[in-house]
Number of protein chains: 4
Amino acid sequence: MTYKGKVVLAYSGGLDTCVAVKWLMDQGYDVVTMTADVGQVVDLEAVKDKALKTGAVNAYVMDLREEFVSDFVWPALKANAQYQGTYPLNSALSRPLIAKYLVWVAQMEGAVAVAHGCTGKGQDQVRFEVCVGALDPKLQVLAPVRDWHFSRETEIEYAKEHGIPVPVTAKSPYSIDENMWGRAIECGVLEDPWNEPPSDCFALTADPWDAPDAPLYMEIGFEKGLPVSLDGAVMEGPALIAKLNEIAGACGVGRIDMIEDRLVGFKSREVYECPAAVVLMGAHKALEKLTLAKEVHAAKADMENKYGELAYVGYWYSPLKEAYDAFFDKAQEVVSGVARVRLYKGQAVVVGLKSENSLYQDDLATYTDADTFDHGSAKGFINVWGLAVKTWRQVHPAEALTVPDLKAVGQ
Amino acid sequence: MTYKGKVVLAYSGGLDTCVAVKWLMDQGYDVVTMTADVGQVVDLEAVKDKALKTGAVNAYVMDLREEFVSDFVWPALKANAQYQGTYPLNSALSRPLIAKYLVWVAQMEGAVAVAHGCTGKGQDQVRFEVCVGALDPKLQVLAPVRDWHFSRETEIEYAKEHGIPVPVTAKSPYSIDENMWGRAIECGVLEDPWNEPPSDCFALTADPWDAPDAPLYMEIGFEKGLPVSLDGAVMEGPALIAKLNEIAGACGVGRIDMIEDRLVGFKSREVYECPAAVVLMGAHKALEKLTLAKEVHAAKADMENKYGELAYVGYWYSPLKEAYDAFFDKAQEVVSGVARVRLYKGQAVVVGLKSENSLYQDDLATYTDADTFDHGSAKGFINVWGLAVKTWRQVHPAEALTVPDLKAVGQ
Amino acid sequence: MTYKGKVVLAYSGGLDTCVAVKWLMDQGYDVVTMTADVGQVVDLEAVKDKALKTGAVNAYVMDLREEFVSDFVWPALKANAQYQGTYPLNSALSRPLIAKYLVWVAQMEGAVAVAHGCTGKGQDQVRFEVCVGALDPKLQVLAPVRDWHFSRETEIEYAKEHGIPVPVTAKSPYSIDENMWGRAIECGVLEDPWNEPPSDCFALTADPWDAPDAPLYMEIGFEKGLPVSLDGAVMEGPALIAKLNEIAGACGVGRIDMIEDRLVGFKSREVYECPAAVVLMGAHKALEKLTLAKEVHAAKADMENKYGELAYVGYWYSPLKEAYDAFFDKAQEVVSGVARVRLYKGQAVVVGLKSENSLYQDDLATYTDADTFDHGSAKGFINVWGLAVKTWRQVHPAEALTVPDLKAVGQ
Amino acid sequence: MTYKGKVVLAYSGGLDTCVAVKWLMDQGYDVVTMTADVGQVVDLEAVKDKALKTGAVNAYVMDLREEFVSDFVWPALKANAQYQGTYPLNSALSRPLIAKYLVWVAQMEGAVAVAHGCTGKGQDQVRFEVCVGALDPKLQVLAPVRDWHFSRETEIEYAKEHGIPVPVTAKSPYSIDENMWGRAIECGVLEDPWNEPPSDCFALTADPWDAPDAPLYMEIGFEKGLPVSLDGAVMEGPALIAKLNEIAGACGVGRIDMIEDRLVGFKSREVYECPAAVVLMGAHKALEKLTLAKEVHAAKADMENKYGELAYVGYWYSPLKEAYDAFFDKAQEVVSGVARVRLYKGQAVVVGLKSENSLYQDDLATYTDADTFDHGSAKGFINVWGLAVKTWRQVHPAEALTVPDLKAVGQ
């Protein structure tokens, strides 16, 4: 076996990536592991020990929560990025960040390749490989789990042979990915779209019927499209998200259940729980309706969908993403103010809004005597507004009006 | 005063339209009233009597609920039409229908004009006038309330002088419009966006905290994008909507609270309650995710926004609406199946989906041994998928990766 | 070698597909060839003979020109389909048609596979394979040229060994594909985008400077978005296109030169000559401006781009294509009339338009005394139209106006 | 008559604006005129004298060509802004600039209002009034020509009475507006869309058949989306545009003839000549195809249309314009290089492109042995790319293939 050089492996400490360490060693690589803390529940020191014991020549563990929020979650929030109008991209947003640090460690360590533990049918393989290719086109990307064609049994056998501890507890029926922006749940009974997601698949959110009996109110302060305070207290992004996950999760808020189009060409049933994302996205959208000009709001709607799409398909490090960010950053300059949110048994509802940049003008909107809107302009406006439709119908007369027989309409 | 001919007035029986009857008579018109039942609470016979007593030469009362659902609500549901992504267009959809019957009565009666009771700052004046202009470009449209410049006091005085009964009860603090597809609430304390909508502004929905303590499940059957059954029982549109309004309303489902951009150039705070619309739209969207091809789903998202916009601005009888309908009708041919919905204290959640047209394929989606997806294709796919981004970065190298100092990331 | 069954090969009679016949036989297939006449210059009988002599067990030659025009070219014309706003999709449109007949012959012949002669980097492999997969998901698709990894020399050697006649004339420096809707030219000196396409790469069009010295006028009649007559003479689609190719090509009209993004991730320099397409698209667009409502025109612009994209990437037999067609068919119902076109030394210019469905209204447009437009409405219209911008600026005042120093502006 | 204060009038020196000076004086205003040089043919000193002689209390004449190019034309060029895909917005772009200086002079002079000489049916009234309202919401805008309801005869009589010189030459049959970015021609025989625009309506462009008999080549250098050099010589914007107008105009390049949807609801026949705009837009678009990523190119296409629309309807000083500019500026950072353009008898064709930022990669695009594209990836790519269409057809089988009878296809 020839020595092939170093490879940097994205390492979670689970069975797949432990086996991958050995398997890559078998292929002739020295393995360096990289474990990123993006807010999942993880004991970084234990993971590091495990990696080294399994044979890694070096093991990086990195707390990337701050960068995750500032450079990945926040731009997505400005864009209200939800794939297919629904999925807040929690897992998708962490991949380009992890890819970045795989590349960085590879450059530090003089590695020839990086590796990930994805299978051949998910989205994450696409995201890792496209992002690594963007950041360092010369680095190879290995996908041991996609290549080794192990059955579950073979994998366990291989693990035992190589002294890798195999979890004795029953494997969870679900496949889970978690970070600060949410938790993704797949597999098991969820593979039948007719099945209601059972309580045991959720970890961050209470069942609504077990949530507190009284509504809970909070005020979220925004500056230029980003949340900066909770009930008046200024908070950093990671802390604010953590707090919101806790509070809103306890209120049963944040569950998402959808059929999702995978980039690789099939539909998948996905369940998410994203308490902070759901609350923040709702508050942000409401505040935008108060502070954005109508035409900006309309133009942005279309771009939001496309931004969600590009994050989903691994195009984070693309020029389109940068150009959209320029649009969003400019548009968000005015999205400052406070949203008052009511949390109650599964639902987060914005019930109050205020902003120094509010475009809501009492004197125009009111139906009281304070009204300053020029009603007289309306007539001319409507004449012009309707002129083209009228012309259309003069050229293409509507068919003679036919109506249900008079009796049918009560005459 | 010259006799000017007949005018057909959209007549609700409220103070404004009663005064309008007299005022139009003062201008030299014979007034024919037209009152449409689109599902609001209304005693048609009493309205007819009142119109005739007030001086109308003829009074039409018409039950338009069936046509409202089939020709206005259903196309909007196929399009998931929500103005600014939020407002289900309940009031907006009724205007072109009422305009149609104003025109029809005018043609029956040989009238020279139609009239509505809108002020000069709302949306409805636009919708009425543009729609009437489309259906019969030769008809004049009068807007007495916009023209008479009465203060509230003057109006009441005028009413008394002309023998029009003035309601003795205190005027509701809210301005209300209602039909089968929902109820719109404006004015009063709602004019301050910071105020939470008080319980007394709602009529169709329970406060969530007063709703039943147990989740309620229902199965809604769809055929080609439209609901056709409830819990297995086939139902006609109006009955199904009425039933859903009742059930979901009792569960506190259907409240919407938003800042909305009026066509006439200012923002307005609007509150809606639309139990049936919220449940049906949610179920319909979920079923679309199961049955529509990804690219149809994406293309439709953009058109949905534009369809919502055109309904909002009075362009119902426009060629764009017809062309969009052709697209939606074609796309909806496959949107058949059943959505299982859980209603609980303010929230309607789709928890199960099935369809003969499901594009969800077990054998592709599963992570079990039944998997038939060709994992080997993924590698080639990703190479091609990421090639352009890689090329971009070869021409425009990413800046050297800089990372927070190692300590900051936990090394 | 096991017998694998029959394969239907898309067969042009050129060296590649002749070698493919033998190569597929070597793999254990009986080969049936299918040659489609889509308007290229081809001697169908000679091709058939050659196929049979090379060893094909059966050889189909089919005149598909009529279907090509009616089912592929005309829908694309309604959509003004041009990939990246420029390429009229001439080659792209023929692929789904040929794929259809490959499938049809395969079903007739009981074949297990179809095959095409594309390499691994073009667009056409994608189109063939996706379209065949759509029409008969059970059929295998073989790509001998992509798989055999022959160099040019090896291929010629292989041909000689197998008794396949090798053309003695020098190979053209260009790679050509041709049909009724145009001719595509690649390779050779064109691979450097700085090189002007030389005269020798063109076959359908005269160099503009060699074209006639006098302008030539023609009148093209359209019905519902499609051309039906030339200078008043009713003509069938294929004949009309052929005539336009001849006339406009002689005038030097129809050359297109562009950098194009291939689906497979890189840019390519492509030269096309499409005299009929350029003339018809220009006339059609001009007539649309006369007959379509403004909002339809605007909505269609966006869909045109997406339709061009889906035809380019092989999604012809997709539900999105069908739904777009429904939109376009509806919208095109009014696009009837006559466009007068001036052809002169490379350029086709629409210089006159008339239509019974013209939305151009003299009395509204004129600046003469015949003007019936209500100028008074303009004031009210503008007040309302500008209100939101005014409000925006009241909330976000424009910076104090600064101007270049007075001298700079001539004071 | 009460003294109403100062008004600043946009003043061309033509009959309408001369009469407007007097008419505004009659209404009680002191009139200050403002004449902007945006590249039209104008003797500023003579205009100033005329204004003062007619009674203006002050007369500003300002050379705004530089600002017109840098702040109005260049952003539009980055956006390839063409209304309805065709009109380069030459007149439209000058209005917000003139509005700015009307406001500035008004603020300098302490005026209470500004005034323009537009009628009630054009676009320019909208642009002036919306832009003035955006820049200084407190300023009134007067529209004497819209208000005075003079017939041509009455206007001339009024002029004579007030000592305003009336042009003795026959009025041009056309209505003209001109600046550096182009010339707009309306009225007269052009009001019938069937009439070919006669030679006498053009001033900047030669008839193609009178243009030189030899092709003329030029090289235009771009930096970040903007032209900076001509045939290697660095040039400032205004000079470069002037030079291009001269050269391309002599070659007959730049004529545009279209039916255009006015914002005020009707269609109008418009003829433009914009030699520089046509050449630059074509070169810019070609260079974008070489340097922009595919997805940026596609996303931008849609925004280009919307940007053209907002400039057309007077929304230049809107937040949407600013946000789009941010997107375009970011995207244009790479649009640098050289376009070689061939001008010949009415047509400008890009025949060569080069750029340091070229994304065209020889080694990927070539069909020679230098090819580095991984053909093997194509198979996997296509499998994945076509999977969803295949699934669609498995669920919704294509109808059995029917073909024209065999004879019809030549069998």
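Reading the values: rules and limits
- Residues numbered from 1 in each chain as written.
- Chains lettered and ligands numbered in written order.
- Predicted model: local features only at pLDDT ≥ 70, side-chain atom pairs only at ≥ 80, totals over all residues.
- Heavy atoms only, no water.
- UniProt positions renumbered as here; feature names shortened; annotations may be inferred.
- Salt bridge = Lys/Arg side-chain N within 4 Å of Asp/Glu carboxyl O.
- Buried < 20%, exposed > 50% of the residue type's maximum accessible area, 1.4 Å probe, protein only.
- Helix = DSSP H or I, 4+ residues; strand = E, 2+ residues; numbered from the N terminus.
- Arc of directions from axis to C-beta.
- Contact = heavy atoms within 4.5 Å.
- Buried area = accessible area lost by both parts, 1.4 Å probe.
- Polar contact = N/O pair within 3.5 Å; in protein donor to acceptor, adjacent residues only side chain to side chain.
- Nonpolar A, V, L, I, M, F, W, Y, C, P; charged D, E, K, R; others polar.
- pLDDT = per-residue confidence, 0-100.
- Axes fitted to C-alpha atoms, helices over the stretch in contact; angles between N-to-C directions.
- Parallel < 35°, antiparallel > 145°, perpendicular 65-115°, else oblique.
- Left-handed = near helix turned anticlockwise from the far one by under 90°.
- Least-squares fit on C-alpha atoms with pLDDT ≥ 70 in both.
- Pairing = 2+ DSSP bridges.

Under the annotation held in an unreviewed UniProt entry, chain A carries the name Argininosuccinate synthase and is attributed to Aminithiophilus ramosus. The record in UniProt for chain A states the following under Subunit (unreviewed entry): "Homotetramer." Note on chain A: under the UniProt heading Sequence similarities (unreviewed entry), the record states "Belongs to the argininosuccinate synthase family. Type 1 subfamily."

Draft legend 1. Examining the pattern of salt bridges more closely. Scanning the entire structure with this criterion turns up 108 salt bridges over all chains. Among the salt bridges present, the one from C:D261 reaches C:K267, with a minimum N-O distance of 3.1 Å. The residues C:D261 and C:K267 share a single accessibility class, namely buried. Salt bridges sharing common partners tie together A:R95, A:D124, A:R127 and A:D177.

Draft legend 2. View of helix α7 (residues 152-161) of chain D. Residues and elements named next belong to chain D. Every buried residue belonging to α7 is among E155, Y158 and A159, and all of these are buried. End-on view of α7: buried residues confined to an arc of 100°, all on one side of the axis. Set apart from the buried face of α7 by more than 90 degrees, the exposed residues are E153, K160 and E161. Residues of α7 that are buried sit in contact with α1 (15-26) and α6 (144-148).

Draft legend 3. Geometry of the interface of chain B and chain A. Counting residues at the interface gives 110 residues for chain B, matched by 111 residues for chain A. Roughly 10,200 Å² of surface becomes buried between chain B and chain A when both sides are summed, with 61% attributable to carbon and sulfur atoms. Of all residues in chain B, B:W194, B:K267 and B:Y367 bury the most surface against chain A, accounting for 8% of the area lost on that side. At the surface where chain B touches chain A, the tally comes to eight salt bridges. Here B:E322 and A:R393 are joined by a salt bridge, their closest N and O atoms 3.3 Å apart. Summed over the shared surface of chain B and chain A, the result is 32 residue pairs in polar contact (both at pLDDT 80 or more). The element contributing the most residues to the side of chain B that touches chain A is helix α13 (residues 375-395) of chain B, with 12 residues. Of the residues in the side of chain B that touches chain A, the class split is 57 nonpolar, 24 polar and 29 charged.

Draft legend 4. Inspection of the confidence of the model for chain A at higher detail. Predicted confidence across chain A gives a mean pLDDT of 93, with 97% of residues reaching 70 or more. Predicted complex, confidence summary: ipTM 0.95, pTM 0.96.

Draft legend 5. Structural detail: the packing of helix α11 (residues 319-332) of chain A against helix α11 (residues 319-332) of chain D. As a packed pair, α11(A) and α11(D) sit with axes 8 Å apart at the nearest point and diverge in direction by 155°. As judged from the angle between their axes, α11(A) and α11(D) are roughly antiparallel. Considering the relative orientation of α11(A) and α11(D), their crossing is right-handed. Contacts from A:L320, A:E322, A:A323, A:Y324, A:A326, A:F327, A:K330 and A:A331 in α11(A) reach D:L320, D:E322, D:A323, D:Y324, D:A326, D:F327, D:K330 and D:A331 in α11(D). For the contact of α11(A) with α11(D), the class distribution of residues is 12 nonpolar, no polar and four charged.

Draft legend 6. View of the UniProt feature "binding site: L-aspartate" (unreviewed entry) in chain A. UniProt marks A:T119 and A:D124 with the feature "binding site: L-aspartate" (unreviewed entry), using the numbering shown here. With respect to the helices and strands, A:T119 occurs in the loop between β4 (113-115) and α5 (124-135). Setting aside residues no more than four positions away along its own chain, A:T119 makes contact with A:Q125, A:V145, A:R146, B:Y367 and B:H375. Among the structural elements, A:D124 can be located in helix α5. The buried category is assigned to A:D124, whose relative accessible area is 18%. Excluding residues that lie within four positions of it along the chain, A:D124 makes contacts with A:R95 and A:C118.

Draft legend 7. Representation of the side chain of D:T205 in the model. All names here are of chain D. Relative to the assigned elements, T205 resides in the loop between β7 (182-186) and β8 (216-223). Given the relative accessible area of 7%, T205 is considered buried. A polar contact is formed between the side chain of T205 and the side chain of E273, at a distance of 2.5 Å. When neighbours within four sequence positions are excluded, T205 is seen to be in contact with G249, V253, R255, E273 and P275.

Draft legend 8. The relation of the copies chain A and chain C, seen in detail. Taken as rigid bodies, chain A and chain C are interconverted by a rotation of 180° and an axial shift of 0.0 Å, the fit giving an RMSD of 0.1 Å. Such values leave the two copies arranged in the relation of a two-fold axis. When C-alpha positions in chain A are compared against the rotation axis, the closest is assigned to A:F381, at 1.8 Å. The share of interface residues of chain A whose copies in chain C are also at the interface is 100%, consistent with both copies meeting through the same surface.

Draft legend 9. Geometry of the relation of the copies chain B and chain A. Its rotation angle being 180°, the transformation that places chain B on chain A also includes 0.0 Å of axial translation and leaves an RMSD of 0.0 Å. The residues that chain B uses at the interface reappear at the interface of chain A in 100% of cases, marking a shared surface.

Draft legend 10. Spotlight on the sheet that holds strand β7 (residues 182-186) of chain B. All names here are of chain B. Pairing within the open sheet is antiparallel, and its four strands lie in the order β6-β7-β12-β11. The open sheet has two free edges, formed respectively by β6 (175-179) and β11 (255-261), since each of these has just one partner strand. Neighbour to neighbour, the strand axes of the sheet diverge by 25° on average, direction disregarded. As judged from the three bridges shared by β7 and strand β12 (residues 267-273), these two strands associate in the antiparallel manner. Bridging across to β12, R183 finds its partner in E273.

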